[in-house]
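Survey of secondary and tertiary structure
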Amino acid sequence: MTRHPRPLRRQLAAVGAVGALTAATLAALPATNAQAAPGCRITYTTTNWTGGFTATVTVTNLGDTVNGWTLGFTFPDTGQRITQGWSATWQQNGAAVTARNENWNGSLTTGATTSIGFTGAHTGSNPNPTSFTLNGTACAGSTTPTPTSPAPTTPPPPTTPPPTTAPPGGATPVAVNGQLRVCGVNLCNQYGKPIQLRGMSSHGIQWFPRCYTDASLDALARDWNADLFRIAMYVQEDGYETDPTGFTDRVNNLVEEATERGMYAMIDFHLLTPGDPTYNLQRAKTFFAAVSARHANKNNVIYEIANEPNGVSWSTIKNYAEQVIPVIRANDPDAVVVVGTRAWSSLGVSEGGNSTEVVNNPVNAANVMYAFHFYAASHRDNYRAELERAAARLPMFVTEFGTVDYTGDGGVDLASSTTWLDLLDRLKISYANWTYSDKAEGSAAFRPGTCNGNTFAGASVLTESGNFMRNRIRTPDNFPTN
Ligand code: IDC
């Protein structure tokens, strides 16, 4: 997969946004040898919560071009510990920390900047480290990017935004709609107009990595004309809990891939069994701190914090949401967050409840939507009626549905699926279909074996469900712009 360093403009904006909330910018110590050329300038900002924090470290190379670098620093407190890092390979030995570049940010010309970070734990007051080295040279540059900072010897090179491949005949969904927000019961674009996003959900990324390649995502963006790619990161079932750093990296990379193609990326924390989200609360906080820090300055990321709570009360789900949402907001204050609902995101219906419990006791946060899931061959009129009733009062997002039965398998129910999608279109409810994968089950869009090859576009690789969904999704969006 190709990856691209984030443009400088966005990194500075990121520091500004976080700094405004946390004010933890610090000055690196001057080099002891006054004659030494300044090697680097560091800005270190943190977002703290009880016992934990995320740190963003912005490194500016003030020396000659480096091809490959290692950043070093020492934590002042013994209780400070890196739990997971990104955009570099992080190592900690006692209090000493090193971060080695990734391939995509290894080359830093004079004046170039890269932003890396980590999630950490602490027992004390979490003081900031005060001296840094880059390839062994002390970072002597002053820190904050203010007008009084010593100018780099060469001005930073101009930066370019990540390449976005426009589909034939127009701008991408993200280029048109920009940052989304909840307005009333709708999802609105940058012009304040209600829109509907239509797209696909991945299968579990732990099982089908070969289905999410440059070629398959090109097909999703340009052949399906999808607006949305949902990244289903299971927490259990060999998912996140087995390798938090690895899965965080995989999700981050897939967000970058969606971004390059102008699609909205939905980060799905795919909890399912156990159904009590509290079981995964700590993991959710750690994960969402990391991904929201990494993507804070993108305008196309939607956070889905609990796929399908089940066997728990709405108040338990609400309590979980009110602990996870602030972690996201600390980094990314304006992103839309979707909260799962009771009984496998059925608004409670599958456990004998209904949406009144949510209407009467909504999540105490702004810019929030509620998830509704259905499987067309299992869930019909009473589920449709409840969704329509709820959608008059709550912002709803169908973050997952199948054309088949609730097992994800069996035959496609074309009649029920069509009735469902006509309803979602009429109510402008956004959706993601389960799944953009080649698993041998009725809900998969691709025929088994497709992901072993390199052809994803066109109808010949599709199952009945895939063909039906591609025909529904690829019609023009006609997003309103005024
Ligand atoms: C199913 C997959 C299936 C996999 C199973 C594992 O289709 O291949 O073996 O998960 O847990 C959901 C869940 C979603 C389910 C899907 C179909 O969000 O994970 O996927 N489903 O059962 N809720 C209702 C249905």
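Now for a quick tour of the structure. (Residues numbered from 1 in each chain as written. Predicted model: local features only at pLDDT ≥ 70, side-chain atom pairs only at ≥ 80, totals over all residues. Heavy atoms only, no water.)

1. Details of the packing of helix α4 (residues 244–260) against helix α5 (residues 281–294)
The interhelical angle for the contact between α4 and α5, taken along N-to-C directions, is 30°, at an axis separation of 11 Å. Taken together, the axes of α4 and α5 are roughly parallel relative to one another. Seen along the crossing, α4 lies across α5 with a hand that is right-handed. Residues T248, V251, N252 and E256 of α4 pack against F287, A290, V291 and R294 of α5. Looking at the contact of α4 with α5 residue by residue, the classes come out as 4 nonpolar, 2 polar and 2 charged. (Axes fitted to C-alpha atoms, helices over the stretch in contact; angles between N-to-C directions. Helix = DSSP H or I, 4+ residues; strand = E, 2+ residues; numbered from the N terminus. Parallel < 35°, antiparallel > 145°, perpendicular 65-115°, else oblique. Left-handed = near helix turned anticlockwise from the far one by under 90°. Contact = heavy atoms within 4.5 Å. Nonpolar A, V, L, I, M, F, W, Y, C, P; charged D, E, K, R; others polar.)

2. Some points on the site of the ligand
Around the ligand, a shell composed of 16 residues is seen, among which Y234, H270, E308, K439 and E441 lie nearest. Relative to its free-state accessible area of 500 Å², the ligand is covered by the protein chains to the extent of 81%. Within the shell around the ligand, the residues separate by chemical class into 6 nonpolar, 5 polar and 5 charged. (Near = heavy atom within 4 Å. Areas by Shrake-Rupley, 256 points an atom, 1.4 Å probe, with all protein chains shown as cover.)

3. Re the sheet that holds strand β10 (residues 132–134)
Taken in spatial order, the 5 strands make up an open sheet running β6-β7-β4-β10-β11, and their pairing is antiparallel. In the strand order of this sheet, the two ends are held by β6 (88–93) and β11 (137–138), each with one partner. Inspection of the sheet shows strand β4 (residues 70–74) paired to strand β7 (residues 96–101) by 5 bridges, in the antiparallel sense. In the sheet register, T74 faces β7, and the bridge partner there is A96. (Pairing = 2+ DSSP bridges.)

4. Considering the packing of aromatic side chains
Following the criterion strictly, the structure yields 24 aromatic pairs and no others. Pairing F269 with F288 gives two aromatic rings, centres 5.5 Å apart and planes at 55°, and the pair type is tilted. Here F269, found in strand β16 (residues 264–270), pairs with F288, found in helix α5; they are 19 residues apart in sequence, far enough to count as distant. On the basis of relative accessibility, which here comes to 0%, the residue F269 falls in the buried class. On the numbers, 6.2 Å between centres and 75° between planes, the contact of F288 with Y303 is edge-to-face. On the criterion of sequence distance, the pair formed by F288 in helix α5 and Y303 in strand β17 (residues 301–304) is long-range, its members being 15 residues apart. Using a relative accessible area of 0% as the deciding quantity, one classes F288 as buried. Each member of the aromatic cluster is reached from another via a ring pair, and the members are Y44, F73, F75, W90, F118 and F132. Over the ring of F247 we find R250; its NZ or CZ atom is 4.4 Å from the centre of that ring. (Phe/Tyr/Trp six-rings, centres within 6.5 Å; stacked < 30°, edge-to-face > 60°. Buried < 20%, exposed > 50% of the residue type's maximum accessible area, 1.4 Å probe, protein only. Lys NZ or Arg CZ within 6 Å of the ring centre and 35° of its normal.)

5. Remarks on the nonpolar core
Counting residues in hydrophobic clusters, the biggest one holds 79 residues, and the most contacted among them are F288, I305, V339 and M396. Residue contributions to this core peak at 7 residues, all from helix α6 (residues 314–331). Once residues within four sequence positions are removed from consideration, I305 is found in contact with F269, L271, F288, Y320, A321, V324, I325, I328, V337, V338 and V339. A88, A99, L108 and C139 belong to the second-largest nonpolar core, a separate cluster that totals 24 residues. (Core = buried A, V, L, I, M, F, W, Y, C linked by side-chain atoms within 4.5 Å.)

6. A short note on the state of the cysteines
Per the stated rule, a full pass over the model turns up 3 disulfides. Taken N- to C-terminal, the disulfide-bonded cysteines of the protein are connected 1-2, 3-4, 5-6. (Disulfide = S-S within 2.5 Å.)

7. Quick look at unusual backbone geometry
Of the consecutive residues T273 and P274, the connecting peptide bond is found in the cis state with omega at 5°. In the segment running from W434 into T435, the intervening peptide bond is cis, with an omega of 5°. Within the element layout of this structure, T435 appears in the loop between β21 (431–434) and α11 (464–473). One non-glycine residue, N135, lies in positive phi territory at about 50°. Residue placement: N135 occurs in the loop between β10 and β11. For W344, which is not glycine, the phi dihedral falls at a positive 60°. Note that W344 resides in helix α7 (residues 342–345). Looking at W344, the relative accessible area reads 38%, which means it is partly exposed.

8. Considerations on the pairing of strand β15 (residues 228–234)
Here β15 lies mainly inside the structure; 7 of its 7 residues are buried. Where burial is concerned, the two faces of β15 agree: the one with L228, R230, A232 and Y234 and the one with F229, I231 and M233 are both buried. Of the pairings in the sheet, the one linking strand β14 (residues 198–201) to β15 comprises 3 bridges and is parallel in character. Looking across to β15, one finds that S201 is bridged to R230. For the handedness criterion, the β-α-β arrangement of β14, helix α3 (residues 214–223) and β15 is classed as right-handed. Here β15 pairs with β16 via 7 bridges, running parallel. The residue of β16 that forms the bridge with R230 is M266. (Right-handed = clockwise from strand over helix to strand, strands pointing away.)

9. A few points about the pairing of strand β2 (residues 52–61)
Of all the 10 residues making up β2, 10 are buried; the element is thus mostly covered by neighbouring parts of the structure. Strand direction decides the pairing type here: β2 and strand β9 (residues 113–121), joined by 9 bridges, are antiparallel. Counted as the bridge partner of T58 is S115 from β9.

10. Overview of the pattern of salt bridges
One pass over the full model with this rule turns up 22 salt bridges. For E322, the salt bridge goes to K318, with nearest N and O atoms at 2.9 Å. Of the two residues, E322 and K318 are both situated in helix α6; the distance of 4 residues between them amounts to about one turn of the helix. Owing to a relative accessible area of 29%, E322 belongs among the partly exposed residues under this scheme. The class of K318 is buried, set by a relative accessible area of 15%. Shared partners join several salt bridges into a network, and the residues in it are D214, D218, R222, E257 and R261. (Salt bridge = Lys/Arg side-chain N within 4 Å of Asp/Glu carboxyl O.)

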